[in-house]
Amino acid sequence: MQHLIILPILLPLLSGVLMLLKRDATRLPRRGIALASTALLVVIGACLVVQSDSGQITYYALGDWQPPFGIVLVLDRLSALMVCLTSVLALGSLAYACAGDDRKGSNFHGLFQLQLMGINGAFLTGDIFNLFVFFEVLLIASYSLLMHGGGKDRTQAGFHYVALNLAGSAMFLIALGVIYGTTGTLNMADLSQKVATLDPNRLGLLKAGAFLLLVVFGLKAAILPLYFWLPRAYASAPAPVAALFAIMTKVGIYAILRVYTLIFGSGAGELANFVQPWLWWFALATLALGGVGVLSARDLRGQVAYLILISVGTLLVGVSMNREAPITALLYYMIHTTLVSGGLFLLADAISEQRGKAGARIVPGRGVTQPGLLGVFYFVGAVTVIGLPPLSGAIGKALLLDSAEPSEQPWLWSLLLLSSLAGLVAMARSGSTVFWKAGRGDSEGPRLKPAMLAGLILLLGASPVLSILAGPITDFTHASAAQLLDHGAYAETILPQSDAGGGS
Amino acid sequence: MEALFATVTGFLAASGLYLSLRGRTFPVVVGLTLLSYAVNLFLFSTGGLTTNGAAVISDDASRYADPLPQALVLTAIVIGFAMTAFSVILAMRVRGDQGSDQVNDQRGEESKEEKS
């Protein structure tokens, strides 16, 4: 199964291209292809997780051009985990979309598959320029998906999102240019070795490049000064797209985690771990702001968008601590928060559809048609996203709180717990407004379609499963964290042993 | 040559940045385009500036140009071109949907403008 590594990129590409053929065909086969391809992706993701769990880092050299000269895809535990997570999230949001959202614009399924290709590629690539290319693939698909269905709000939020990301891409290229100019390579494993033995005169330039890269990834991950695009873009995107976008901020976090542990990690000589102290304060500020934002949201979708900001802050705090225990915790939390916030976007859409004119706004209005069913979903989603026991959010947050050292505890504990409290207050208020202060629901109103139900169950139901399987999953994330911090092994696997600094 | 190259790149980037901070969609798109030109030039120069250097190994070549930035810049140009096309269409769509080419929807200000 040597070619398994490239399948998560090839499969969505092929099915995406397939859907470009015969654009006027009926929608049923298109949905079938999309669902089959995504379901197959889940299987492939699971296979990759199993394959990576041997602890062996495997790579796929495209065209058999050996690293550091050729382009490589690298599979380790972290990338396998992320690919698997993406495919599960995609299956949930795709199932929901098949209930009718995919008909509101043209070619939803093709774009969706191309977006998956970009995301998977970003997780698997071992070459920093290809990271840029896959970022662009996922971005251009996301631009069109964001505006799927049209409408004034969407095009305007979309323009902000596009302009910001174009500026971000320009900065990404400048950073790559600086890094290539100083080190002479773009292969991540090769970079990690070159950085340590770099001419001291060039260190300043490389450091500037590395900071610029942090700005770009920070824009994708939505850390504090760069988050302004997120609430509006996510709140105006169609529900299945917003749910899939729950993984987009995690792409940024993954890139930060990968680049600043592998290339500028503890083996980087002068530049070892220089980003983490900065990240720590920005992450805490993001956490605090997410807490304020979630209280201020007037719309269920905006509220979930700010909950995503809280989760971004939480994850980045874990990244900035840069030890095995916090990374173990943050990877577990990442699985939880991606699936659950995706599910909450779907739920907000389902609620707004059943409330008629009141929509997703948090105001007393007409009740939902199925208060029992949606109420249960809302309750489960709220409990787990806030981090109340016994569901998975509590486990993730507890692991992270536990991993803090005494010097970090005052900041982390107070801000993380306060932002959780803010989440609790906001979710309780909006839940009671939407479900209890509501009038009688229209019994003739729209009901949940089976496809919507399937999507909701898959994403929100993941939370209890995650808490039941917390043991095996944390074992896996612990092994991933250990593998991630052992950057020497990564470089040894990818690069030929005889490589003694030559080859630039 | 380095000084000229650096000046041109810097000037393009500065103009691009200035324009992309403007309030209407058309200058923003033009600004982003200029910025991407500047980035392409910069990327092109990261391998060092050489004239008449061979990019492919051959016996009678004495100087070499780094071929990798050329490949990178080609990729960047293609992507940047597609993005520019997309943002132009999007800017027109925003104009059509909103009846105004303001990047931020400022209805209050718009109505003031109409009155005056």
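Residues numbered from 1 in each chain as written. Chains lettered and ligands numbered in written order. Predicted model: local features only at pLDDT ≥ 70, side-chain atom pairs only at ≥ 80, totals over all residues. Heavy atoms only, no water.

Chain B appears in an unreviewed UniProt entry as Na+/H+ antiporter subunit C from Salinicola rhizosphaerae. Recorded under Subcellular location (unreviewed entry), the UniProt text for chain B is reproduced unchanged: "Cell membrane". (UniProt positions renumbered as here; feature names shortened; annotations may be inferred.)

Under an unreviewed UniProt entry, the name given to chain A is Monovalent cation/H+ antiporter subunit D, and the organism recorded is Salinicola rhizosphaerae. In its Sequence similarities (unreviewed entry) section, UniProt records this for chain A: "Belongs to the CPA3 antiporters (TC 2.A.63) subunit D family."

Caption draft 1: Inspection of the overall build of chain B at higher detail. Within chain B, the regular secondary structure consists of four helices and zero strands. Secondary structure elements of chain B occur, N-terminal to C-terminal, as α-α-α-α. When the 116 residues of chain B are sorted by exposure, 33% land in the buried category. Partitioning the contacts of chain B with sequence separation of at least 6, the portion at a separation of at least 24 is 48%. (Helix = DSSP H or I, 4+ residues; strand = E, 2+ residues; numbered from the N terminus. Buried < 20%, exposed > 50% of the residue type's maximum accessible area, 1.4 Å probe, protein only. Contact = heavy atoms within 4.5 Å.)

Caption draft 2: Highlighting the UniProt feature "domain: NADH:quinone oxidoreductase/Mrp antiporter transmembrane" (unreviewed entry) in chain A. In the UniProt entry, the feature "domain: NADH:quinone oxidoreductase/Mrp antiporter transmembrane" (unreviewed entry) is given for residues 127-419 of chain A. Structurally, residues 127-419 of chain A comprises 76% helix and 0% strand, and the distance from its first C-alpha atom to its last is 37 Å.

Caption draft 3: Seen up close, the side chain of Thr-286 of chain A. All names here are of chain A. By secondary structure assignment, the location of Thr-286 is in helix α12 (residues 276-296). Residue classification places Thr-286 among the buried residues on the basis of a relative accessible area of 1%. Engagement of the side chain of Thr-286 in a polar contact is seen with the backbone oxygen of Phe-282, the distance being 2.7 Å. Excluding anything up to four places from it in sequence, Thr-286 contacts Ala-222, Ile-223, Leu-224, Leu-309 and Gly-313. (Polar contact = N/O pair within 3.5 Å; in protein donor to acceptor, adjacent residues only side chain to side chain.)

Caption draft 4: Region of interest: the interface of chain B and chain A. Across the contact, 31 residues belong to chain B and 28 residues belong to chain A. Between chain B and chain A, roughly 2500 Å² of surface is buried when both sides are summed, and carbon and sulfur atoms account for 79% of that area. The largest per-residue losses of area from chain B upon contact with chain A belong to Met-83, Phe-86 and Leu-90 of chain B, which jointly make up 22% of the total buried on that side. One can count zero salt bridges joining chain B with chain A. Inspection of the chain B/chain A interface yields three residue pairs in polar contact (both at pLDDT 80 or more). Put simply, the parts of the chain that give the side of chain B that touches chain A at least two residues each are α2 (25-45) and α3 (67-98) of chain B. Looking at the side of chain B that touches chain A element by element, the count peaks at 15 residues for α3 of chain B. (Buried area = accessible area lost by both parts, 1.4 Å probe. Salt bridge = Lys/Arg side-chain N within 4 Å of Asp/Glu carboxyl O.)

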